[in-house]
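Geometric and topological summary
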Amino acid sequence: DSEAESRWDVRLPWSTVVRDAVHEMMGARDDPASLGHALSVLSGGDSALLFECAAVISTEGCAPQIVHADTVPSEAGAVLHTAFVALQDISAHQGPTRFLPHTHNCLRLHGELEREHERGTPESDLLEG
């Protein structure tokens, strides 16, 4: 499987280096342009837990990450907020992660995506439709 040989999702240990990098990435809570402020507003305060801290590493020339959902939509609202922070400039030949805006809370789209994956529909066909 070329995906297994060209992309790694690595959970990071909560070391001093990682903790310092996350704090820097979050920025000042009182800065409305900071990631920390945005996550605080989205989660309704400062009591949300960091569930996972990971790095996605891909080799040059690998295919983009497959289209998938990180969560299942819920009538209760968002249960997870994800932030991707590129640590270098990314181009198409590096297998970037694609984002499909406004699909996070659409039950119909999530169901269709699941059915298409079960059918084995090629990734390129999913993005064209």
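Structure's up top.
Residues numbered from 1 in each chain as written. Predicted model: local features only at pLDDT ≥ 70, side-chain atom pairs only at ≥ 80, totals over all residues. Heavy atoms only, no water.

Quick look at the environment of T97
Operational definition: Numbered from the N terminus, helices here are DSSP runs of H or I no shorter than four residues, and strands are runs of E no shorter than two. Residues are treated as being in contact if the distance between any of their heavy atoms lies within 4.5 Å.
Secondary-structure assignment places T97 in the loop between β2 (54-58) and α4 (107-119). For T97, the contacting residues outside a window of four places in its chain are Q65 and F84.

Regarding the pattern of salt bridges
Any two side chains of opposite charge can pair, given that their charged atoms come close. Threshold: The rule for a salt bridge is simple: a side-chain nitrogen of Lys or Arg has to be within 4 Å of a carboxyl oxygen of Asp or Glu. Exposure categories follow from relative accessible area, calculated using a 1.4 Å probe and restricted to protein chains: below 20% of the type maximum is buried, above 50% is exposed, and the middle band is partly exposed.
Applying the stated criterion across every chain, the model contains two salt bridges. A salt bridge links E52 to R11, with the shortest nitrogen-to-oxygen separation between them at 3.2 Å. In this pair, E52 is assigned in the loop between α3 (35-43) and β2 and R11 in strand β1 (residues 7-11), connecting sequence segments 41 residues apart. The exposure class of R11 is exposed, given its relative accessible area of 57%. Between D46 and R29 there is a salt bridge, with the nearest N and O atoms lying 3.2 Å from each other. One end of the pair, D46, is in the loop between α3 and β2; the other, R29, is in the loop between α2 (16-26) and α3, with 17 residues separating them in the sequence. Here D46 falls in the exposed class, since its relative accessible area comes to 52%. With a relative accessible area of 58%, R29 lands in the exposed category.

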